[in-house]
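What follows is each chain in one-letter form.
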Amino acid sequence: MKRFKKFKIWLALAAVLAVAAAVFLCTRGTVTILMYHHIVPDGEETNSLTVTESKFRQDMEYLQQNGYVTLLPDELELILRGRRACPERAVVVSFDDGYQSNYTIAYPILQETGCKAVVSLITTNIREAPGENAFMLCWPEVEEMSASGVVVFGSHTDNLHNPDVGGALRTAPGAANGVERLQGEARESYFERVGNDLKRSCDLIQAHTGKPVEWFAYPYGAGDRWCEAVLDELGVTISVSTNPGLARARNGLRSLPRYGVQEDTDLSELLPPIADES
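Not measured: the values here are computed from a predicted model.

S.K.: Looking at this structure, I do not really get the overall build of the protein. What am I missing?
M.R.: What the protein contains, in helices and strands, is eight helices and 11 strands. Expressed as a percentage of the 278 residues in the protein, the buried residues total 45%. In the protein, the share of contacts with a sequence separation of at least 24, taken over all contacts with a separation of at least 6, comes to 65%. Of the roughly 14100 Å² of accessible surface on the protein, 53% is carried by carbon and sulfur atoms.

S.K.: Looking at this structure, I do not really get the pattern of salt bridges. What am I missing?
M.R.: For side chains bearing opposite charge, pairing can occur when the charged atoms are close. Under the defined criterion, the tally for this structure stands at 12 salt bridges. Note that arginine 200 is salt-bridged to aspartate 158, the shortest N-O span being 2.9 Å. Residue arginine 200 is found in helix 6 (residues 187-209), and its partner aspartate 158 is found in the loop between strand 7 (151-155) and helix 6; the two are separated by 42 residues along the sequence. Under the relative-accessibility criterion, arginine 200 is labelled partly exposed at 41%. By relative accessible area, aspartate 158 is classed as buried at 7%. A cluster of three or more residues bridged by salt bridges with shared partners is formed by Asp158, Asp197 and Arg200.

S.K.: Explain unusual backbone geometry here, please?
M.R.: Residues other than glycine predominantly adopt negative phi, and peptide bonds predominantly adopt the trans conformation. In the Ramachandran plot, threonine 157 falls in the positive-phi region, its phi being about 85 degrees despite a non-glycine side chain. Positive phi is not limited to glycine here, since asparagine 162 has a value of about 50 degrees.

S.K.: How should the environment of tyrosine 190 be read in this particular structure?
M.R.: Relative to the helices and strands, tyrosine 190 resides in helix 6. Linking tyrosine 190 and tryptophan 226, residues 36 residues apart in sequence, is a C-alpha distance of 7.9 Å. Every residue in contact with tyrosine 190, bar those within four places of it in the chain, is listed here: Val179, Glu180, Arg181, Glu185, Gly195, Asp224, Trp226, Cys227 and Val230.

S.K.: Looking at this model, I keep getting lost on the packing of aromatic side chains. Mind explaining?
M.R.: Think of a pair of aromatic rings as described by two things: how far the centres are apart, and how the planes are tilted against each other in angle. According to the stated counting rule, one finds nine aromatic pairs in the structure shown. A centroid spacing of 6.5 Å and a plane angle of 25 degrees characterise the contact between tyrosine 62 and tyrosine 68, whose relative ring orientation is stacked.

S.K.: Looking at this structure, how should I read the confidence of the model for the protein?
M.R.: The predicted coordinates ought not to be read in detail in places where the model reports low pLDDT. The pLDDT averaged across the protein works out to 91; a share of 89% of its residues lies at or above 70. Put simply, helix 1 (residues 2-28) is where the protein has its lowest mean pLDDT, 46, and strand 6 (residues 117-121) is where it has its highest, 99. Here residues 14-27 is modelled with pLDDT under 50, and outside its nearest four sequence neighbours on either side it reaches one contact, counting other chains as well.

S.K.: Please clarify how the pairing of strand 6 should be interpreted in this entry.
M.R.: As a general feature of sheets, a regular strand has side chains that alternate between the two faces. Buried residues dominate strand 6, accounting for five of its five residues. Judged by which residues are buried, strand 6 turns out to be covered on both faces: Ala117, Val119 and Leu121 on one side and Val118 and Ser120 on the other are all buried. The sheet contact formed by strand 5 (residues 90-97) and strand 6 spans four bridges and is parallel. Across the sheet, the residue bridging to serine 94 is valine 118, located in strand 6.

S.K.: What exactly am I supposed to notice about the side chain of aspartate 96 here?
M.R.: Following the sequence through the fold, aspartate 96 ends up in strand 5. We classify aspartate 96 as buried; its relative accessible area is 2%. A distance of 2.9 Å separates a polar atom in the side chain of aspartate 96 from a polar atom in the side chain of arginine 258. Setting aside residues no more than four positions away along its own chain, aspartate 96 makes contact with Met35, Tyr36, His37, Ser120, His156, Ala217 and Arg258.

S.K.: Which parts of the structure should I look at to understand the side chain of serine 101?
M.R.: Mapping serine 101 onto the fold places it in helix 4 (residues 101-113). Exposure remark for serine 101: the relative accessible area of 4% places this residue in the buried category. A polar contact of 3.0 Å, which involves the side chain of serine 101, links it to the backbone nitrogen of isoleucine 39. Ignoring any residue separated from it by four or fewer positions in sequence, one finds serine 101 in contact with His38, Ile39 and Ala106.

S.K.: Got a minute to help me understand the packing of helix 5 (residues 139-148) against helix 6 in this structure?
M.R.: Packed helix pairs are characterised by how far apart their axes lie and by the angle those axes make with each other. Taken N-terminus to C-terminus, the directions of helix 5 and helix 6 make an angle of 65 degrees; their axes are 9 Å apart at the nearest point. The two elements helix 5 and helix 6 cross, and the hand of that crossing is right-handed. Along its contact with helix 5, which presents Trp139, Val142, Glu143 and Ser146, the element helix 6 presents Leu204, Ile205, His208 and Thr209.

S.K.: Quick question: what am I supposed to make of helix 7 (residues 225-234) here?
M.R.: Owing to its 3.6 residues per turn, the α-helix brings residues three or four apart onto one side. Every buried residue belonging to helix 7 is among Trp226, Cys227, Val230 and Leu231, and all of these are buried. Considered in projection along helix 7, the buried side chains sweep an arc of 145 degrees and stay on one side of the axis. In helix 7, those exposed residues whose orientation departs by more than 90 degrees from the buried face are Arg225 and Asp232. Looking at the buried positions of helix 7, the neighbouring elements they touch are helix 6, strand 8 (215-217) and strand 9 (238-240). At the N-terminal end of helix 7, a side-chain oxygen is found 2.8 Å from the backbone nitrogen of tryptophan 226, two or three residues along, and the residue is aspartate 224. Where helix 7 terminates, the next one or two residues include glycine 235, which has phi positive at roughly 80 degrees.

Cut-offs and rules
- Residues numbered from 1 in each chain as written.
- Predicted model: local features only at pLDDT ≥ 70, side-chain atom pairs only at ≥ 80, totals over all residues.
- Heavy atoms only, no water.
- Helix = DSSP H or I, 4+ residues; strand = E, 2+ residues; numbered from the N terminus.
- Buried < 20%, exposed > 50% of the residue type's maximum accessible area, 1.4 Å probe, protein only.
- Contact = heavy atoms within 4.5 Å.
- Areas by Shrake-Rupley, 256 points an atom, 1.4 Å probe, with all protein chains shown as cover.
- Salt bridge = Lys/Arg side-chain N within 4 Å of Asp/Glu carboxyl O.
- Phe/Tyr/Trp six-rings, centres within 6.5 Å; stacked < 30°, edge-to-face > 60°.
- pLDDT = per-residue confidence, 0-100.
- Pairing = 2+ DSSP bridges.
- Polar contact = N/O pair within 3.5 Å; in protein donor to acceptor, adjacent residues only side chain to side chain.
- Axes fitted to C-alpha atoms, helices over the stretch in contact; angles between N-to-C directions.
- Left-handed = near helix turned anticlockwise from the far one by under 90°.
- Arc of directions from axis to C-beta.

Written out as structure tokens, the structure is:
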């Protein structure tokens, strides 16, 4: 009888420890994802999608100096699945669209500071040689960055970033943006339209980098459950939105929130500096 009581006590204690461990892991398993787009030379006017070269350098130096670990998608997946311990200061640096400045400005700064990043490409805009599209990356640049191990490439669709309206966001009631389903669109039609586009994008990226695509950024942050099924079929494990917030281990790998970084964004408000112990 006494043994039975002791056994019950041990079971209760084990349950309490398990709950405590789960709470601890959930607390530690949080990652801040930063979202950038285009980087402009110092002195140029900025907008909601651009930062200056000095601002980006300042941000990456801040991460470096304050002990932040910049994760790549495969590392983030392991952490959010609970298969790898989360660094105390974990962050993901992400870019959307695939601007040429990601190579000419961001890439050297990433190399200098030891930071890493993931770039989501609108693959229809990526050309075969420099100069064919002076504003966007070309495939040789993608290949170079991928081979360095500093940058990993994800998809931002092949050609579903509202190309018919010049990439602008549709604001009319009921309008679809990016991979959102069209009004009255049947599931079969959606899977053919969006599925073919995303497969083409992923195939192109893998052909030029030799690496499968693990990361998808929803155009305009507009997610769709049907698209998640397409991503599952393609083996793309992570999708990200444009909603602010922290990526948490208990919340899965779909529509992860990101903080958009602008010229006036103070990273210390999102990512605490090292405490001064003096």
